[in-house]
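Summary of the model geometry
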Amino acid sequence: MLKYFNADMNTLVFEYGRLKNEAQTVLSIEEMPEEGSKASAYVDVINNSKSRLIKLQLNKAEAILKRFLKVRSFIAEYEAAFSPFKSKAADVLHEISEENIDDMFSEAEAPELFLEALDTENINGPEGFRILGEINKYYPMQVQWGLAGGQYFTDKSAYIEIAVTSAEEASEEVIVEDVRIKEFSENESDSGNKISEGVTEDICIAGEMKKS
């Protein structure tokens with residue numbers, strides 16, 4: 001009996017240590033519970049941590065923008081109409097950080113809406129019309145036509161290169177950067193959806209915390 005008791009104790013100690021380590025990775029020093037606090041205290045602080053919610057927001061925004069940058073069209077006119085939005089998304093992806101996530105997170109709203117339309121099975125059905133109505137606020141008619149006609153897709157090539165022009169320097173000179181996003185497997189193209197779905201609930205919690 002003592003043998004089983006010791007085994008259970010070792011398991012509890014291990015799980016407590018793992019929980020504490022997780023807390024240290026997502027919490028600021030000020031947010032950490034006092035040394036020796038109960039496991040439930042660590043769980044509660046992690047679930048309500050502003051630092052954790054910021055990280056979740058950042059992960060979601062980055063996943064959306066990276067997938068958005070992989071969108072292509074074989075039709076030159078549709079690709080040209082979409083290109084400025086990819087350039088802007090690349091700039092946002094380059095600048096976004098935990099320090100400015102509150103200001104920059106909204107920049108991922110239009111790309112997220114575009115991807116939602118891209119993933120809609122029947123873009124010409126009621127749900128598709130609803131999304132296209134929202135997209136009308138952000139994208140020109142050429143892009144909307146491309147979406148309605150199924151002319152955009154997610155590129156699954158190994159490398160993606162996008163020329164980005166810095167808006168701040170546009171009046172003086174053109175600065176072109178290569179943004180290379182390497183895809184290690186075909187499944188990576190779906191990772192943006194999985195991350196987005198996994199953190200949506202937490203992002204909603206963040207919104208409620210801000211309101212309160």
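Please refer to the structure placed before this passage.
These numbers were taken from a predicted model, which means no experiment stands behind them.

Quick look at helix α6 (residues 109-119) now. Within the sequence span of α6, burial applies to Ala110, Pro111, Leu113, Phe114, Leu115 and Ala117. On its buried face, α6 sits against α3 (50-68), β1 (71-72), α4 (76-95), α7 (126-135) and α8 (141-148).

Here we come to the environment of Ile46. Position of Ile46 among the secondary structure elements: in helix α2 (residues 39-47). Between the C-alpha atoms of Ile46 and Pro33, which are 13 residues apart in sequence, the distance is 9.8 Å.

Glancing now at the pattern of salt bridges. Summed over the entire model, instances satisfying the criterion amount to ten salt bridges. Among the ionic pairs, Arg130 bridges to Glu127, the shortest N-O distance being 2.6 Å. With a gap of three residues between them, Arg130 and Glu127 both fall in helix α7, about one helical turn apart. In this structure Arg130 comes out as partly exposed when scored by relative accessible area, which is 40%. One network of salt bridges, in which partners are shared, links Glu116, Glu127 and Arg130.

Before going further, it helps to spend a moment on the side chain of Gln144. Tracing the chain through its elements places Gln144 in helix α8. Within the structure, Gln144 has its side chain in polar contact with the backbone oxygen of Tyr139 (distance 2.9 Å). Sequence-distant contacts of Gln144, defined by excluding residues within four places in its chain, comprise Leu132, Ile135, Asn136 and Tyr139.

In this section: the environment of Thr154. The topology assignment puts Thr154 in strand β2 (residues 153-154). Each C-alpha atom, one on Thr154 and one on Arg72, is 6.1 Å from the other, the two residues being 82 residues apart in sequence.

Another aspect to go through is α4. Here α4 is 20 residues long and its end C-alpha atoms lie 29 Å apart, about the 28 Å a rise of 1.5 Å per residue gives. Of all bends in α4, the biggest is about 35°, found at Phe82, and the proline Pro84 comes one to four residues later. Within α4 the residues assigned to the buried category are Glu79, Ala81, Phe82, Lys86, Ser87, Ala89, Ala90, Asp91, Val92 and Leu93.

A few words now on the packing of aromatic side chains. In the structure shown here, the tally under the stated rule is nine aromatic pairs. Ring centres 5.2 Å apart and planes at 50° place the aromatic pair Phe82 and Tyr152 in the tilted group. Of this pair, Phe82 sits in helix α4 while Tyr152 sits in the loop between α8 and β2, and the two are 70 residues apart along the sequence. On the basis of relative accessibility, which here comes to 0%, the residue Phe82 falls in the buried class. Accessibility expressed as a relative area gives 6% for Tyr152, which makes it buried. One aromatic cluster is present, built from ring pairs that chain together Phe68, Tyr78, Phe82, Phe85, Phe114, Tyr139 and Tyr152.

The rules behind the values
Residues numbered from 1 in each chain as written. Predicted model: local features only at pLDDT ≥ 70, side-chain atom pairs only at ≥ 80, totals over all residues. Heavy atoms only, no water. Buried < 20%, exposed > 50% of the residue type's maximum accessible area, 1.4 Å probe, protein only. Helix = DSSP H or I, 4+ residues; strand = E, 2+ residues; numbered from the N terminus. Contact = heavy atoms within 4.5 Å. Salt bridge = Lys/Arg side-chain N within 4 Å of Asp/Glu carboxyl O. Polar contact = N/O pair within 3.5 Å; in protein donor to acceptor, adjacent residues only side chain to side chain. Expected span 1.5 Å × (residues − 1). Bend = angle between axes of the 7 residues up to and from the residue. Phe/Tyr/Trp six-rings, centres within 6.5 Å; stacked < 30°, edge-to-face > 60°.

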